[in-house]
Each structure stands twice: as structure tokens, then as C-alpha cells.
Amino acid sequence: MSESIYAQATESANYVRNLLPEKLKKPDVGVICGSGLGGLAGMLDQELLFELSYKDIPHFPHSTVVGHAGKFVFGFLGEKKTPVVVMVGRVHYFEGHSIQKVTFPTRVMKLLGIHTIVVTNAAGGLNTGFSVGDIMVLNDHINFPGLAGQHPLWGPNEEKFGTRFPALSEAYDLSLRKQIHLSYKKLQLTSEKRKLHEGVYVFVSGPTSSFETRAECRLLRALGADVVGMSTVPEVIVARHCGIRVLAMSLVTNCAVLEPGPRGDSMLVEEMGEEVLKGVLESGAANHEEVLETGAAAARDLQGLVRQFIDDIAP
């Protein structure tokens, strides 16, 4: 990171801090809300809230994706009234931002004082044991763009944030993962409708107009990934570089199509009418509207789980 990144993040953090009411100036926990999951902000104590659009913050990237409102919300969450900062919507690499800009908000939250971050996302299920509406706790990831050079820590290291080579073998805090399972049981969310899993998230660059092909999904599954998505990993890497503890969760909003499509020279295709053939090809296909719809249906459980978890880790 160039030194200007630290200087810009400091300017952004100071700008936000100067606007905050005194009681909200020192958030303990940051929460990044994925597609359709921004309703968590509505669970904050309504007596003292502060909202700030990303567009009003110096150097801040702007979100352009449906389902991502693009604002910071500061307030108190849960029975223990933990001070939190909630990112209602994130920015993505596929929107045209640099990978450094995508992770800029995480650096700003670090400078605002958070020590723990909860990162949520909507993801496609690759593991055939997962169902739409299930939740997966991340215990590892595969960073495809990062392996090809699009890495948030590329370039000169900024020592004011962290070490040159942060260890990512334990990026996803084990004690926090243990606690989210206990919180899940406490809420008695266990059911056939919504299970809590652990697994591996694979980050691909996107965009959402280009969900993964059948062959790509089989490749990603063969590499050990349980879900696939277009966010989270860059934020996690930067959070760990800054010394922030991380809990990350994926809401499975669609199940990837793993089986090969029909061959164009097969007798099956020859005997199919156009409408039937169209149905076969579209079967299981993902779209952003489906992501938002499923996110809305499962939002209450996931938001309640995050609130319970933050209560449980509060001192």
C-alpha cells in the first residue's frame, strides 16, 4: 500500500468521527452487509442513530449495485447495546473499483476503532449438501483474483496498518466461529429449512451479469470450494492485515448448476421443442433478483443471529 492510502483513510475516519455524536465515536464492532442483507441497520437502537452516505465521505468509493444502499449506520445493537458501525451495502471489484478501493472502508473502520468485524454476503452454493436459504460460516477461502495478482496488499506495504506478510492460515477466528454456532443453537434456528454449515468460500471477480458457467462451477467445486461469490475475501485480508478479528458468513441464495448441459448433437436435443430446450438451459440459472429475493426471505434469521452473536461476545 502506498502511504497515501493511510493518509486518505485517516482523513476519511477523521471526517466521519467529527460528525458523530459523542456516544457513537468509538464503535467496537463493524458489520458489512451483503446483497439484500442491509436490514440489520433496522435492528439498531432507534433512540440514537447516525447515518452517512458513502458519497459524502472523502475518498470513499460509491456503491452502484441494487440491494446495496451505500451508507454507514452507527448505533447500538442488542440487549448489551454494543456500539457498532454497519456498512449497508459494500463496493465490489466488478463495479470498476480497484481492489484497494474495495477494501478502503475496512481500513476506515479500523481507524474508527473497531476490533472485530462481521462480514456477510450472498453466495452461490457449490456443495450439493447445501440448500437455498442455508448459512455458511467461512473457515477458509480461495482468492482467485489474488492468485493472479489482483490482491489488496499488492504494492509497497503500509506498516502503519500491518506487517508485510500477514498470516492468513487462520484468517477466520476460531473462537468467533465457535461462538456463532453457540449463538445459533441459543436462537434455536436449527431446522430443515435453514442449516448452519462451515466451509470454504471462493472469491471470483464477477460481475453479477456474468454468473459462473457450469464448467467453472465444477472446477471450483473440485478445488474444494463450498460456495462462490464476488466479495468478502479482499475485506477479510485487509481486516487481518489491520489486526481485526474476523467472522464471515454466506447466505446461500442459489445453488450452482454442476451437471453439464445437453450437447448440441445429442438426440435428446433434436427431439426437444424450443420452449422445452429453453427450460432445460435456464434450469438453476442464477440472477441478481433471485439473490435479493432469497436474501429478503432469510434476512430476519441472519440478522437475528448477528445480533445474538454480538451480544454474546460483548464484555
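Everything numeric in this text was worked out from a predicted model, so none of it was measured.

Rules used throughout
- Residues numbered from 1 in each chain as written.
- Predicted model: local features only at pLDDT ≥ 70, side-chain atom pairs only at ≥ 80, totals over all residues.
- Heavy atoms only, no water.
- Buried < 20%, exposed > 50% of the residue type's maximum accessible area, 1.4 Å probe, protein only.
- Helix = DSSP H or I, 4+ residues; strand = E, 2+ residues; numbered from the N terminus.
- Pairing = 2+ DSSP bridges.
- UniProt positions renumbered as here; feature names shortened; annotations may be inferred.
- Salt bridge = Lys/Arg side-chain N within 4 Å of Asp/Glu carboxyl O.
- Patch = residues over 30% accessible without salt bridge, like charges linked within 9 Å, V, L, I, M, F, W, Y side chains within 5 Å.
- Areas by Shrake-Rupley, 256 points an atom, 1.4 Å probe, with all protein chains shown as cover.
- Polar contact = N/O pair within 3.5 Å; in protein donor to acceptor, adjacent residues only side chain to side chain.
- Contact = heavy atoms within 4.5 Å.
- Expected span 1.5 Å × (residues − 1).
- Arc of directions from axis to C-beta.
- 1 Å grid on protein atoms, 1.4 Å probe; cavity = no way out; pocket = protein on both sides within 12 Å on 5 of 7 lines; lining within 4 Å.
- Points joined across faces, edges and corners; volume = space filled by probe spheres on them.
- Nonpolar A, V, L, I, M, F, W, Y, C, P; charged D, E, K, R; others polar.

*Asks:* Please explain the pairing of strand 2 (residues 50-53) as it appears in this structure.
*Replies:* Consecutive residues of a regular strand have side chains that alternate between opposite faces of the sheet. Here strand 2 shows a buried face lined by F50 and L52 and an unburied face lined by E51 and S53. Where strand 2 meets strand 3 (residues 71-77), four bridges bridge the pair, whose relative direction is antiparallel. For E51, the partnering residue across the bridge sits in strand 3 and is V73.

*Asks:* It is not clear to me how the UniProt feature "binding site: phosphate" (unreviewed entry) in the chain should be interpreted in this structure. Could you clarify?
*Replies:* With numbering aligned to this structure, UniProt lists the feature "binding site: phosphate" (unreviewed entry) at S35, H68, R90, V91, H92, A122 and S231. Mapped onto the secondary structure, S35 falls in the loop between strand 1 (29-33) and strand 2. For S35, a relative accessible area of 11% translates into the label buried.

*Asks:* Explain the pattern of salt bridges to me, please; I cannot follow it from the model alone.
*Replies:* One side chain can pair with another of opposite charge once the charged atoms of both are near each other. Scanning the entire structure with this criterion turns up eight salt bridges. Between D312 and K186 there is a salt bridge, and its shortest N-O distance comes to 3.0 Å. One end of the pair, D312, is in helix 10 (residues 288-313); the other, K186, is in helix 5 (residues 174-186), and 126 residues separate them in sequence.

*Asks:* Looking at this structure, I do not really get a nonpolar patch on the surface. What am I missing?
*Replies:* On the surface, F144, L147, L219 and L223 cluster together to form a nonpolar patch covering roughly 400 Å² of accessible area. Among the structural elements, L219 can be located in helix 6 (residues 214-222).

*Asks:* Would you mind showing me how to read the pairing of strand 7 (residues 196-203) here?
*Replies:* The element strand 7 is largely enclosed, with a buried count of seven among its eight residues. Pairing of strand 6 (residues 135-143) with strand 7 involves eight bridges; the strand directions are parallel. The residue of strand 7 that forms the bridge with D140 is V200. Across three bridges, strand 7 lies against strand 8 (residues 227-229) in parallel orientation. Across the sheet, the residue bridging to F203 is G229, located in strand 8.

*Asks:* Help me out: how do you make sense of the side chain of N127 in this one?
*Replies:* Of note, N127 is situated in the loop between strand 5 (116-125) and strand 6. Assessed through its relative accessible area of 17%, N127 is described here as buried. At 2.8 Å, the side chain of N127 forms a polar contact with the side chain of D226. Among residues more than four places away in sequence, those in contact with N127 are R221 and D226.

*Asks:* Is there a simple way to think about helix 5 in this case?
*Replies:* The end-to-end C-alpha separation of helix 5 is 19 Å, in line with the 18 Å expected for 13 residues at 1.5 Å each. All buried positions along helix 5 are accounted for by L176, R177, Q179, I180, S183 and Y184. Buried residues in helix 5, looked at end-on, bunch into an arc of 160 degrees, giving them a common side. Residues of helix 5 that are exposed and angled more than 90 degrees away from the buried face: L174, K178, K185 and K186. Q188 lies just past helix 5 and shows a positive phi near 55 degrees.

*Asks:* How do you make sense of empty space enclosed by the protein when you look at a structure like this?
*Replies:* Gaps left between atoms are located by rolling a probe of water-molecule size over the structure's atoms. The tally for this structure, following the rule as stated, stands at one cavity of 30 Å³ or more. By volume, the largest cavity amounts to about 40 Å³. Taken together, L37, L40, T120, L302, Q303 and V306 make up the lining of the largest cavity. Here the lining of the largest cavity gets three residues from one element, more than from any other, and that element is helix 10. Considering only residue class, the lining of the largest cavity consists of four nonpolar, two polar and no charged.

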